[in-house]
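# Remarks on the overall topology
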Amino acid sequence: MDRISRSRFALGSYHYLRYPMEYFLDTAVELGIENVELWAAAPQLFLQLTGPDRVRTLHGQLRSRGLRAVCITPEQCSYPINLASEDADLRRYSVDNFKKAVDVAAALECPKVLVTAGCGRYDRPTRPAWDLAVDSLGQLAAYAQPRGVTLTLETLTPISSNLLNTPAQQLEMIGHLPRGSTVAMLDIGQMAYMNQTLHQYLALGTLLGHVHLHDRGQAIHMALGDGALPLAEYLRRIEASGYKGLYAFEMNDPRYRADPRAADRQNVKWLESHGFF
């Protein structure tokens, strides 16, 4: 198999939340990774406090280092953000929060915003909540598409959502949205946690537009080599399928927050030692 260009990997800022943005960006430069995926949450990129001045500053920080933001990922599992909420005010607030993320992405010349479908009440049938998610994502797609931003739809585990957990549901949801507005994404660790197969996601074909790359063992989002997944086999199969998109590191487990740079150095070393770089 041919090596994979470093230009197809992105450093995720998820585990850098105890460090300033500059530290994260400098790590990307050190490791020779030109793409970054930005977790939109406090303290680094809190959308409610990110006005034009902060966006301009961040844009300058990226450009001065030769870096490119490739995806904005708003926090949507811990904060009161739910695109399927039956509370009309909360759902409106949630849609507006994602629209803000789209505006930030457009200003940073970032092509993607990661979205999920939210969740319904676990004591009620899911269809009404699904329909609300369709409406919310439809609003977002209509807002993002003319601004040059593609929605990147992620599955969640049943712990986080009772609405969209499978590639089949990704395909169904994308079918409700404007053509070309949304792509599907694969989260390696969540796929393994839900006992799904790589084949299910690769069957999405050209709709598969983004991959979160990490290991899984004691936790779902671990540095490469810290878990037990056959990651080299996964990468070979994904590449053999014709996938041309990006792989973003997502080391979301709290164990990496004290020294996030070490985790990403390990990721790069793992890819080098397995012949991918």
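Refer to the structure above for everything that follows.
Our subject in this report is the structure included herewith.

About the criteria used
- Residues numbered from 1 in each chain as written.
- Predicted model: local features only at pLDDT ≥ 70, side-chain atom pairs only at ≥ 80, totals over all residues.
- Heavy atoms only, no water.
- Helix = DSSP H or I, 4+ residues; strand = E, 2+ residues; numbered from the N terminus.
- Rg over C-alpha atoms; globule rule 2.2 N^0.38 Å.
- Buried < 20%, exposed > 50% of the residue type's maximum accessible area, 1.4 Å probe, protein only.
- Contact = heavy atoms within 4.5 Å.
- Disulfide = S-S within 2.5 Å.
- Expected span 1.5 Å × (residues − 1).
- Polar contact = N/O pair within 3.5 Å; in protein donor to acceptor, adjacent residues only side chain to side chain.
- Pairing = 2+ DSSP bridges.
- Right-handed = clockwise from strand over helix to strand, strands pointing away.

Attention now goes to the overall build of the chain. Looking only at helices and strands, one finds 9 helices and 8 strands in the chain. Relative to the globule expectation of 19 Å for 277 residues, the C-alpha radius of gyration of the chain, 18 Å, shows essentially globular dimensions. The principal-axis extents of the C-alpha atoms in the chain amount to approximately 50 × 45 × 35 Å. The buried share of the chain, reckoned over its 277 residues, is 55%. Counted over contacts in the chain with a minimum sequence separation of 6, partners at least 24 positions apart contribute 76%.

Attention now moves to the state of the cysteines. Within the structure shown, the criterion is met by 0 disulfides. Take Cys77: it sits in no disulfide, and the sulfur closest to it among the cysteines is that of Cys119, at 8.7 Å. According to the relative accessible area criterion, Cys119 is partly exposed, its value standing at 21%.

Attention now moves to helix H3 (residues 88-107). Helix length check: H3 (20 residues) gives 29 Å between terminal C-alpha atoms against 28 Å at 1.5 Å per residue, within 8%. Of all the positions in H3, only Arg91, Ser94, Val95, Asn97, Phe98, Ala101, Val102, Val104 and Ala105 are classed as buried. As for H3, its buried residues are in contact with helix H2 (52-64), strand S3 (68-74), strand S4 (112-115) and helix H4 (127-144). For H3, the N-terminal capping position is held by Asp87, with its side-chain oxygen 3.0 Å away from the main-chain nitrogen of Asp89. Among the residues trailing H3, Glu109 stands out with phi positive, at a value near 60°.

Once that is clear, we can look at the pairing of S4. In S4, alternate side chains face the same way, and those of Lys112 and Leu114 on one face and Val113 and Val115 on the other are all buried. Here S4 pairs with strand S5 (residues 150-153) via 4 bridges, running parallel. For Val115, the partnering residue across the bridge sits in S5 and is Leu153. Handedness of the β-α-β unit built from S4, H4 and S5 comes out right-handed.

Once that is clear, we can look at the environment of Leu271. For Leu271, the position within the fold is in helix H9 (residues 260-273). Expressed as a C-alpha distance, the spacing of Leu271 and Ile4, which sit 267 residues apart in the sequence, is 9.3 Å. Setting aside residues up to four positions removed in sequence, Leu271 forms contacts with Phe9, Leu224, Leu235, Phe249, Phe276 and Phe277.

Within the secondary structure, Ser85 sits in the loop between S3 and H3. In this structure the side chain of Ser85 is engaged in a polar contact, spanning 3.1 Å, whose partner is the backbone nitrogen of Asp87. Residues within four places of Ser85 in sequence aside, it is in contact with Leu90, Arg91 and Leu132.

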